[in-house]
Amino acid sequence: MASAATLALPLAKVGEVGESFFHERTSETLPCQAHESHLFCFDWAKENIDSFGTPTLQHLELVAFSVVIGFAVAFALALLAHRRLWLQTPLLATTGVIYTVPSIAFFFLLLPVTGLGRDTVIIALSAYTLQIIYRNATTGLANVPSAAKDAARGMGMSERQILWRVELPLAVPEIVAGLRIATVSTVALATLAVFIDGGGLGAKIYGRGNLTFPTSIVIAGGLAMAIAFAFDLILLGAQRYVTPWRRTAEA
Amino acid sequence: MSATLGALVPSGSIGGAIEFIFEPQSSNVTGGKEVGGLSQVVELMLNQLELTVLALALALVVALPLGLYLGHRGVGETLAVGLGNVGRAVPELALIALMASVIGVGLLNVTIALAVLGIPPILTNAFVGIHQVDHAPVDAARGMGMTEAEILFKVEMPLAVPTLMAGVRGATIAIVATATIAPLAGVLTLGDFVINRNVYGESGLLAGGILVALLALALEFALAGIQRLLTSRGLRLSAA
Amino acid sequence: MRNTTQRARASLAVLLALFLSLGVAACGSNNDNSTESGGEEGGGAIVSNPANDKVTLTIGSKNFPEQEILGEIYAQALKAAGYKVKSALNLGSETVAHQAVKSGQISGYPEYASTALTSFFGIEPEEVPAGAQPAYEKAKAEFEKEGLTAFPPTPFASANAVGTLKRTAEERNLKTISDLEGQSEEMSLYGSPECRQRIDCLAGLEKYYGLKFKSFTPVDISLRYGVLEKGQADLSILFTTDPQLSAEKDKFVILEDDKHVFPAGNIIFVTKTSTAEKAGPDYEKTIVEVQNGLTLLVMQELDARVELEKQSPAKAAAAYLKEAGYTG
């Protein structure tokens, strides 16, 4: 048990604040950020930019996990369905449903299973990413010109070698295109994580009275878009790097 | 790492959610007052539908003619495709929130914001669809003496239907999804159940999720049907 | 993009953007969830008691500024007293918070005595005792039946209020809420989503004042002044401690609650009786001591800093604790 309270004897001064604590405020003297119509208050932004640190990190975390998991599963499924054609229709249909259901609804549908928090967000966003990449991967593989495959077969390659050395490389542009779309969309969607206590930049848009504070919304939205574009360009670069034969034909 | 309020979402609440949809509920979470029930659900669903249809119509009016024109002429690719990329990156929550505080709450404002979200997919797909139509039929049509407008409407558009409709469907889903958070801006839609869990309780939360999902699926189904009607028989036969 | 220079420049610009955001992320300190340790150097009135280190307390609050400030004040003060403290300052409405403390999700949270009486215990507004101490005692007695206890009240009290633009009040000759009779049918009311059910909100206006409004639109609490300013709301539910009422008194007015449907509530800290026993006497002592300085003027000043100047509640709380001599 705790020992007897050791609060210092209350001095007359404790609990009282000085006159200077109170600031006179009138409509005219209110700072930039007090006005709902001011889109961006630079001074406040400078002072408080580090409060965006954790939400940005959380956001990046959410996106990274979702895209990686979604890609891995989609890729595996695409390979699976490539050989077993009977899988293609049911898989396409299932992933199509996932795509149609708005992510925010998906968050709440998962609630009884996974509860509030980060995990639910990642599962829902992975499913969304999965759909896009799966669709693009199967299309990409299907669009490989049969001439290339025939030539490879003629050269004596096994089915497996054809897959890894002919079909997949030719399908890469389509796959990476899907990856780009999925990543950009996921960055935007991850802002909704705030509704189920998942953190992320959405907390600087919706939480804590930010709803009437354009500067915070603009910074958070701007950071989200910057992240999205950055990822997009990085992936585009990766795509160009992996497919040197397409550099001449500007895609 | 999840669920600080996990205790408020008991498992087995799917039954509770179904009840919530059909019968007005009251519990100590709702403060004894009745919430939910079929009439409220239908009212909010119709609100969301109305909002979606209005925003989609506005987006179509703005984006479709522009995209068709640019695609036909073959100019403005950077704009059309670039806008599509940018549009995908815009966080819808930020758009609604910004609009609520700067412009104000209300049906008109939210409709405009949602239309803005729907424009990029429609514009991009209209452009790409028309632009990538096979040249052979277009040249043949020109050779037969058709006017540019006739070529666009009678040759290019029918051939571009799959891509066009894909754009419309993408726009619709984006709009319906964002209409879910319209209650933040004063327009009551099904999202009210999910945003205000204080008022509706956990069964309302789950019910909201189910209802929005169903609404989106229904719209997608309807649009798929429309697409099939619009696709000419020739295309349908050769469809992948 | 056609040539390599343009492409290179564009990629560089975007990579810069990415590094900028990563830089923000990396350099940023976590201000949102943790409480700043105000009592590091000591020297304040609150002295750290090492025996408290064994106890972890989770302080909750509802999710609007005044509540978050209070939550932060309590959390930081308890931390200075040597407790391990976590915070959950986003609980939603009073019913959610009530559930959270009953289920042990949080150790305690600050509630308005009037809200507790009317929302949790079904007491009619006219039966809510007028004074801070009687209201506190009545609430405490009711809480005791649920295994909860409440700590003594703060000096300041806050109440819901029906507010409107000064211009509207002058045009329609509105001084009290009863003046709305006959006019309310053509006026729109905006309030928080839970206002619909609360007897000290819309439900009370309908029941005790007999008022019917043209429409009621639920909006987030933070929008309550914005909807008036933009002319969307004729009337809006405000709080008597709102900083906007003094800073922008030329714009907004509140109507007098002549039928006393909106009782003023002092803050009482609600916690489980068992938690209070386990945490030791410093728990209640610290909270009661630290809230002694929260007069109406001080609370309004803190509200102003957070709501108007967009300071973080943690920062505002820390400033109060330091200025009032509780922490070094």
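Residues numbered from 1 in each chain as written. Chains lettered and ligands numbered in written order. Predicted model: local features only at pLDDT ≥ 70, side-chain atom pairs only at ≥ 80, totals over all residues.

What to know about the overall build of chain C
- For chain C, the count of helices and strands is 13 helices and 11 strands.
- Looking at the 328 residues of chain C, the share that counts as buried comes to 57%.
- In chain C, 78% of the contacts between residues at least 6 apart in sequence involve partners at least 24 apart. (Helix = DSSP H or I, 4+ residues; strand = E, 2+ residues; numbered from the N terminus. Buried ≥ 20, exposed ≤ 12 C-beta atoms within 10 Å, placed from the backbone. Contact = placed C-beta atoms within 7 Å.)

Observations concerning the overall build of chain B
- Scanning chain B from N- to C-terminus turns up 10 helices and 2 strands.
- Reading the helices (α) and strands (β) of chain B from amino to carboxyl end gives α-β-β-α-α-α-α-α-α-α-α-α.
- Within the span of chain B, comprising 240 residues, buried residues form 52% of the whole.
- Here the analysis covers contacts within chain B between residues at least 6 apart in sequence; of these, 75% occur between residues at least 24 apart.

Let's talk about the domain arrangement of chain C
Residue and element names in this part refer to chain C.
- Considered domain by domain, chain C is made up of domain 1 (50-157 + 264-323) and domain 2 (160-254).
- Relative to domain 2, the C-alpha centre of domain 1 lies at a distance of 27 Å.
- Taken together, the 17 residues of domain 1 in the interface contact 13 residues of domain 2.
- Within the residue set of the side of domain 1 that touches domain 2, elements represented by two or more residues are helix 4 (113-120) and helix 12 (296-308).
- Of all the elements, helix 12 adds the most residues to the side of domain 1 that touches domain 2, at 7 residues.
- Across the side of domain 1 that touches domain 2, the residue classes break down as 8 nonpolar, 6 polar and 3 charged. (Domains from an automatic or database assignment. Nonpolar A, V, L, I, M, F, W, Y, C, P; charged D, E, K, R; others polar.)

Considerations on the environment of Lys46 of chain A
All names here are of chain A.
- Locating Lys46 in the fold gives a position in helix 1 (residues 42-48).
- For Lys46, a count of 8 C-beta atoms within 10 Å gives the class exposed.
- C-alpha of Lys46 to C-alpha of Gly237: the two residues are 191 residues apart in sequence and 33 Å apart in space.

Things to note about the pairing of strand 6 (residues 160-165) of chain C
All names here are of chain C.
- The buried fraction of strand 6 amounts to 5 of the 6 residues, a majority that puts the element mostly inside the structure.
- Bridge count for strand 6 against strand 9 (residues 235-239) is 4 bridges, and the pairing is antiparallel. Bridged to Gly163 within strand 9 is Ser236.
- As paired strands, strand 6 and strand 10 (residues 252-254) are joined by 3 bridges and run antiparallel to one another. The partner of Leu165 across the bridge, within strand 10, is Phe252. (Pairing = 2+ DSSP bridges.)

Re the packing of helix 6 (residues 135-143) of chain B against helix 7 (residues 148-179) of chain B
Residues and elements named next belong to chain B.
- Interaxial distance between helix 6 and helix 7 falls to 10 Å at its minimum, and their mutual angle equals 165°. When the axes of helix 6 and helix 7 are compared, the pair comes out roughly antiparallel. Of the two elements, helix 6 crosses helix 7, and the hand of that crossing is right-handed. Taken together, the residues of helix 7 that come into contact with helix 6 (itself represented by Pro137, Val138, Ala141 and Arg142) are Ile151, Val155, Glu156 and Leu159.
- Its residues assigned to classes, the contact of helix 6 with helix 7 comprises 6 nonpolar, no polar and 2 charged. (Axes fitted to C-alpha atoms, helices over the stretch in contact; angles between N-to-C directions. Parallel < 35°, antiparallel > 145°, perpendicular 65-115°, else oblique. Left-handed = near helix turned anticlockwise from the far one by under 90°.)

Observations concerning helix 7 (residues 159-189) of chain A
- Taking 1.5 Å of rise per residue, 31 residues should cover 45 Å, yet helix 7 of chain A covers just 39 Å from first to last C-alpha, more than 12% shy of that figure.
- Of all the bends in helix 7 of chain A, the greatest, near 45°, is centred on Val172 of chain A, and the proline Pro173 of chain A appears no more than four residues after it. (Expected span 1.5 Å × (residues − 1). Bend = angle between axes of the 7 residues up to and from the residue.)

Some points on the packing of helix 12 of chain C against helix 13 (residues 313-323) of chain C
Residues and elements named next belong to chain C.
- For the pair helix 12 and helix 13, the least separation of the axes is 9 Å and the interaxial angle reads 145°. Judged by the sense of rotation from one axis to the other, the crossing of helix 12 with helix 13 is right-handed. Contact residues: Val298, Leu302, Arg305 and Val306 in helix 12; Pro313, Ala316 and Tyr320 in helix 13.
- Tallied by class, residues from the contact of helix 12 with helix 13 come to 6 nonpolar, no polar and 1 charged.

Some points on the sheet that holds strand 10 of chain C
Residues and elements named next belong to chain C.
- With mixed pairing, the 5 strands of this open sheet are ordered in space as 8-7-9-6-10. Every other strand in the sheet has two partners, leaving strand 8 (215-218) and strand 10 as the edge strands with one partner each. This sheet shows a mean twist of 35° between the axes of neighbouring strands, independent of strand direction.
- By the bridge criterion, 2 bridges tie strand 7 (residues 188-191) to strand 9 in an arrangement that is parallel. Within strand 9, the position partnered with Tyr190 by the bridge is Ser236.

Considerations on the nonpolar core
- Core analysis: the largest hydrophobic core is formed by 230 residues, its most contacted members being Ile133, Val187 and Ala228 of chain A, Ile96 and Ala97 of chain B together with Tyr74 and Ala77 of chain C.
- In terms of domain composition, this core takes at least three residues from each of domain 1 (50-157 + 264-323) and domain 2 (160-254) of chain C.
- In this view, Ala228 of chain A contacts Val184, Val187 and Ala188 of chain A together with Ala89 of chain B; residues no more than four positions away in its chain are not counted. (Core = buried A, V, L, I, M, F, W, Y, C linked by C-beta atoms within 7 Å.)

Points about the pairing of strand 2 (residues 84-88) of chain C
All names here are of chain C.
- In the sheet, strand 1 (residues 56-60) pairs with strand 2 via 5 bridges, with the strands oriented parallel. For Gly60, the partnering residue across the bridge sits in strand 2 and is Ala88.
- With helix 2 (residues 65-80) bridging strand 1 and its parallel neighbour strand 2, the resulting β-α-β unit is right-handed. (Right-handed = clockwise from strand over helix to strand, strands pointing away.)

Section: unusual backbone geometry
Residues and elements named next belong to chain C.
- For His260, which is not a glycine, the phi torsion comes out positive at approximately 55°.
- A positive phi angle, near 55°, is found at Lys310, a position not held by glycine.
- Among the secondary structure elements, Lys310 is positioned in the loop between helix 12 and helix 13.

Remarks on the environment of Gly37 of chain B
Residue and element names in this part refer to chain B.
- Relative to the helices and strands, Gly37 is located in the loop between strand 2 (35-36) and helix 2 (38-73).
- Taking the C-beta count within 10 Å as the criterion, Gly37 has 16 such neighbours and is therefore assigned partly exposed.
- For the pair formed by Gly37 and Pro24, sequence separation is 13 residues and the distance between their alpha carbons is 4.0 Å.
- Ignoring any residue separated from it by four or fewer positions in sequence, one finds Gly37 in contact with Phe22, Glu23 and Pro24.

Considerations on the confidence of the model for chain B
Residue and element names in this part refer to chain B.
- Per-residue pLDDT for chain B has a mean of 81; in total, 87% of the residues score no lower than 70.
- Confidence, expressed as mean pLDDT per element, reaches its minimum in chain B at helix 10 (residues 233-238) with 64 and its maximum at helix 2 with 91.
- Low pLDDT, under 50, characterises residues 1-11; the stretch is placed with 31 contacts to residues that sit more than four places away or in other chains. (pLDDT = per-residue confidence, 0-100.)

A closer look at the environment of Gly104 of chain B
All names here are of chain B.
- Within the secondary structure, Gly104 is located in the loop between helix 4 (92-102) and helix 5 (107-131).
- The exposure class assigned to Gly104 is buried, which follows from the 21 C-beta atoms found within 10 Å.
- Counting along the chain gives 81 residues from Gly104 to Ala185, while the straight-line C-alpha distance between them is 7.5 Å.

Section: the confidence of the model for chain C
- On average, residues of chain C score 85 in pLDDT, and 87% of them are at 70 or above.
- Across the interface, the model reports ipTM at 0.79; the global pTM reads 0.80.

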